[in-house]
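Chain by chain, the residues run as shown.
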There are 2 protein chains.
Amino acid sequence: MLPKPIQNFVDLFAKLPSIGPRQATRLAFYIKTLGDAPVADLAKAVDDLRNVKICPQCFFSYLGPKNTCDICNNNQRRKDIIAIVEKETDLISLEKTKKFSGRYLVLGELKKDGVLDSLQKLRLSSLKKMIDKDLGGQAEEIILAMNPTTYGDLNAALILQDLKGRVKKISRLGIGLPTGGEIEFADEDTLGNAIDNRG
Amino acid sequence: MLPKPIQNFVDLFAKLPSIGPRQATRLAFYIKTLGDAPVADLAKAVDDLRNVKICPQCFFSYLGPKNTCDICNNNQRRKDIIAIVEKETDLISLEKTKKFSGRYLVLGELKKDGVLDSLQKLRLSSLKKMIDKDLGGQAEEIILAMNPTTYGDLNAALILQDLKGRVKKISRLGIGLPTGGEIEFADEDTLGNAIDNRG
């Protein structure tokens, strides 16, 4: 029933998180009506995501010729204070508060069952290697900046266990974040307070 | 803060209906993590939408070498019974019921203020020309298959006015559709009943 390019678009985009087949179908028809040039622009915008690199140290995305991202390259930022976040968008929200001048580790979206997947384990290993190599085996502070939800707590406990002995102080984001809420949706003030009052 | 390709993706995709900046940002990071080949596939799926043609008669999308779409090309379908729908997805929902064997006119998304825009007026003109040229000036039936909402009713009244004299019978989709509901979300049975009981 659907023309093949529309069906193909729907099949691929319906698999993306928070886009279902219905939204994908409406998007396909909508995008089609924009005309050839805007369609080409959208296609290029998708394709250009391939140019984005993943920082081998913190696993945030970056662009440019360097081997690590702007945050990891910034010597003004303390290397021995590391915030472990779940998603890139959480890192961005924290950066916007301008209250944190350490480094990050982007862990990847946490499973609801509180089990770290192999990618997350690899990323934690990479952090531990960095601590051993660059920080003499012990970081000053690690902030477990996960959402204050049940599975965030579960995962924080697992990570805490994993990093034992390699860090002087472990903290979580403090008051300001309502329990059950999500970092992404907090306003900058609330999130700034949470950084100030971490512990 | 965001790498340029991500920012560019967000800027373009946040403009699409029902995608905001937050969802666009999450999509960009998610798509990036899929790896190069899936990113290229998604980009191509968008780009290939350019190959879809718009039928000059009913304004539905189609693919192929012909000048009109499969529905308009199908001589088994009555040319003198026309369902006027708002969106392509409404046409698809009606087709799935297999209860309608006439033709369509896709009018484009209706404004909430009950005023037809210039594109919609052009499409109605094209229908009127077809009626004059191919149907001797009068269609057998036109089904105003708009949503049974306030602005659907408003627009249906405008179209009714516009087509006066060019059609023997004007109908709306019948019982089965709850007032205030939307065609897209009706199950096939309900929608089939609505076609059977149109009037």
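Residues numbered from 1 in each chain as written. Chains lettered and ligands numbered in written order. Predicted model: local features only at pLDDT ≥ 70, side-chain atom pairs only at ≥ 80, totals over all residues. Heavy atoms only, no water.

1. A few points about the relation of the copies chain B and chain A
Each copy superposes on the other: chain B lies on chain A with an RMSD of 0.0 Å after a rotation of 180 degrees and an axial shift of 0.0 Å. Taken together, the rotation and translation relating the two chain copies correspond to the operation of a two-fold axis. Using C-alpha coordinates, one finds that chain B approaches the rotation axis most closely at Ala 43 of chain B, a distance of 2.3 Å. Most of the interface of chain B is mirrored in chain A, where 100% of its interface residues are also at the interface. (Least-squares fit on C-alpha atoms with pLDDT ≥ 70 in both. Contact = heavy atoms within 4.5 Å.)

2. Considering the sheet that holds strand β6 (residues 167-172) of chain A
All names here are of chain A. Across the sheet, which stays open at both edges, the four strands sit in the order β4-β3-β5-β6 with parallel pairing between neighbours. In this open sheet, the two strands that pair with only one neighbour each are β4 (103-106) and β6. Shown here is a sheet whose adjacent strand axes are inclined to one another by a mean of 25 degrees, direction ignored. Pairing geometry for strand β3 (residues 81-85) and strand β5 (residues 139-145), over five bridges, is parallel. Paired with Ala 83 across the bridge in β5 is Ile 143. Its contacts with the sheet place helix α7 (residues 150-163) against β3, β5 and β6, and it is angled at close to 175 degrees to β6. (Pairing = 2+ DSSP bridges. Helix = DSSP H or I, 4+ residues; strand = E, 2+ residues; numbered from the N terminus. Axes fitted to C-alpha atoms, helices over the stretch in contact; angles between N-to-C directions.)

3. Side note on the domain arrangement of chain A
Entries for chain A in the domain assignment read domain 1 (4-51) and domain 2 (53-196). Taken over C-alpha atoms, the centre of domain 1 of chain A sits 32 Å from the centre of domain 2 of chain A. (Domains from an automatic or database assignment.)

4. Let's talk about the packing of aromatic side chains
The geometry of two aromatic rings is summed up by the distance between their centres and the angle between their planes. All names here are of chain A. Under the criterion given, the structure shown has six aromatic pairs over all chains. Judged by centre distance (4.2 Å) and plane angle (10 degrees), the rings of Phe 9 and Phe 13 are stacked. Separated by four residues within a single helix, Phe 9 and Phe 13 lie in helix α1 (residues 4-13), roughly one turn from each other. Across the pair, exposure class does not vary: Phe 9 and Phe 13 are buried alike. (Phe/Tyr/Trp six-rings, centres within 6.5 Å; stacked < 30°, edge-to-face > 60°. Buried < 20%, exposed > 50% of the residue type's maximum accessible area, 1.4 Å probe, protein only.)

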